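The lines below spell out each chain.
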Amino acid sequence: MSNISSHRQSVDLARFLACFGIVAAHAYALEDDWVGHLSLGLFLVLTGFLAMQSYQRAGGRYNFRSRAVRLLLPWLFWSAFFRLVDLKVSDSPDKWQLLQDPWTLFVGSAIHLWFLPFIMLAMLLVKPVGQFVTTPERLAAVLLGLVVISVPMFWAMHHYAPPAPLPQWLYSLPVYTLGLLVGLAHPMGRAVWPLVAGAAMATGAYLVTEQAPWAWTVFAAVVLFESFWRVQMQHKMLPKLGQAAFGIYLLHPFFMLVTYKFAGPDVDRMIATLSTFGMSWAAVVILRRIPFFLRVT
């Protein structure tokens, strides 16, 4: 295997743009939208790839517990924050009920927080996948297995409509795993193989979901990642953009409420997107100057 590439600032830009796409998808609230799936897919491939890079740099060691604990605090803090927000703004008579659906234990108090417990659990795959996929032959076999497994997962997500966060997980787990395998394919000199697998996964999703608008995003997310990875760029702002992305994602539902409160429910969706994203970004920049918020954003 060749040496693992060092951090590239184009990845920071990719993370930032993916975050903007997620905010836009939530502002437009489109059913089966491709913008949100593509942005999430890019975020997942990046997350899986960087996790596998970390595993490889550490010589095959991956401290799952410490990484999970780092995600646990933001999840608990923002769950409490959005619970208080909900109590303040909700008119529902059952808003004081703490647990109406057991699946909320895997989400938190706001639906977008599903991503944190998902990543906490998905990180369990990093070490076993890294330990097993040590040759091109094994890489090919696991990619093939991933294609086969992903198709019924995409079918279930589209047709069965299980309770949240299962739809999000059914899309995210195959794409995150593909990101892990991209991280193994690169040092083997087989970067094109995950692209082929991504195309097969997207084709399967397209067929079993009756041409859902998001089906092609499984492949497009890998293509976008490879495109950003190959761009060489250096600027002092780029790492700051990457650092802000996670916090913007966590905060944006609050500022979406602020936008609709002052601009009304009929506000232009692009204006809502830009307003929400801009306020969230500004808040993260300010909050990250406080040590505690460095740990939760």
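The coordinates are above.
Let me begin by describing the structure that accompanies this report. Model, not experiment: these values are computed from the prediction. (Residues numbered from 1 in each chain as written. Predicted model: local features only at pLDDT ≥ 70, side-chain atom pairs only at ≥ 80, totals over all residues. Heavy atoms only, no water.)

1. Concerning the nonpolar core
Ranked by internal contacts, the top residues of the largest apolar core, which has 85 residues, are Phe115, Tyr171 and Tyr176. Counting residues per element, this core draws most heavily on helix α7 (residues 166-188), which supplies 12 residues. If we skip the residues at most four places from it in the chain, Phe115 touches Leu40, Phe43, Leu44, Thr47 and Tyr249. (Core = buried A, V, L, I, M, F, W, Y, C linked by side-chain atoms within 4.5 Å. Buried < 20%, exposed > 50% of the residue type's maximum accessible area, 1.4 Å probe, protein only. Helix = DSSP H or I, 4+ residues; strand = E, 2+ residues; numbered from the N terminus. Contact = heavy atoms within 4.5 Å.)

2. Brief notes about the pattern of salt bridges
This structure, assessed with the given rule, holds three salt bridges. Among the ionic pairs, Arg15 bridges to Asp12, the shortest N-O distance being 3.3 Å. Taken together, the residues span about one helical turn, with Arg15 and Asp12 both in helix α1 (residues 9-28) at a distance of three residues. On the basis of relative accessibility, which here comes to 5%, the residue Asp12 falls in the buried class. For Arg230, the salt bridge is made with Glu226, and the minimal N-O distance between the two is 2.1 Å. (Salt bridge = Lys/Arg side-chain N within 4 Å of Asp/Glu carboxyl O.)

3. With respect to helix α4 (residues 115-122)
Among the eight residues of α4, seven are classified as buried, and the element is accordingly described as predominantly covered. What α4 keeps buried is the set Phe115, Leu116, Pro117, Phe118, Ile119, Met120 and Ala122.

4. Overview of a nonpolar patch on the surface
Together, Tyr28, Leu30, Met270 and Leu274 make up an exposed nonpolar region whose accessible area comes to about 380 Å². Tracing the chain through its elements places Leu30 in the loop between α1 and α2 (34-57). Taking the relative accessible area as the measure of exposure, Leu30 reaches 55% and is therefore exposed. (Patch = residues over 30% accessible without salt bridge, like charges linked within 9 Å, V, L, I, M, F, W, Y side chains within 5 Å. Areas by Shrake-Rupley, 256 points an atom, 1.4 Å probe, with all protein chains shown as cover.)

5. Side note on the packing of helix α8 (residues 192-208) against helix α9 (residues 217-229)
Closest axis-to-axis distance for the α8/α9 pair is 7 Å, and the angle between their directions is 155°. With respect to α9, the axis of α8 lies roughly antiparallel. Between α8, through Pro194, Leu195, Gly198, Ala199, Met201 and Ala202, and α9, the contact on the second element is made entirely by Val218, Phe219, Val222, Val223 and Glu226. Looking at the contact of α8 with α9, its residues break down into nine nonpolar, one polar and one charged. (Axes fitted to C-alpha atoms, helices over the stretch in contact; angles between N-to-C directions. Parallel < 35°, antiparallel > 145°, perpendicular 65-115°, else oblique. Nonpolar A, V, L, I, M, F, W, Y, C, P; charged D, E, K, R; others polar.)

6. Focus on the packing of α1 against α2
Running from N to C, α1 and α2 point in directions that differ by 145°, and their axes come no closer than 8 Å. Considering only the axes of α1 and α2, their crossing is left-handed. Counted together, Val11, Ala14, Arg15, Ala18, Cys19, Gly21, Ile22 and Ala25 of α1 and Val35, Gly36, Ser39, Leu40, Leu42, Phe43, Leu46 and Leu50 of α2 form the full contact between these two elements. Of the residues assigned to the contact of α1 with α2, the class counts are 12 nonpolar, three polar and one charged. (Left-handed = near helix turned anticlockwise from the far one by under 90°.)

7. A word on the packing of aromatic side chains
For any two aromatic rings, the description comes down to two numbers: the centre-to-centre distance and the angle of the planes. Applying the stated criterion across every chain yields a total of 26 aromatic pairs. Ring centres of Phe43 and Phe115 lie 5.8 Å apart, and the angle between their planes is 85°; this geometry places the pair in the edge-to-face category. A residue pair is termed long-range when its members are at least 10 positions apart, and Phe43 in helix α2 and Phe115 in helix α4 qualify at 72 residues. Among the residues examined, Phe43 registers a relative accessible area of 10% and is labelled buried. (Phe/Tyr/Trp six-rings, centres within 6.5 Å; stacked < 30°, edge-to-face > 60°.)

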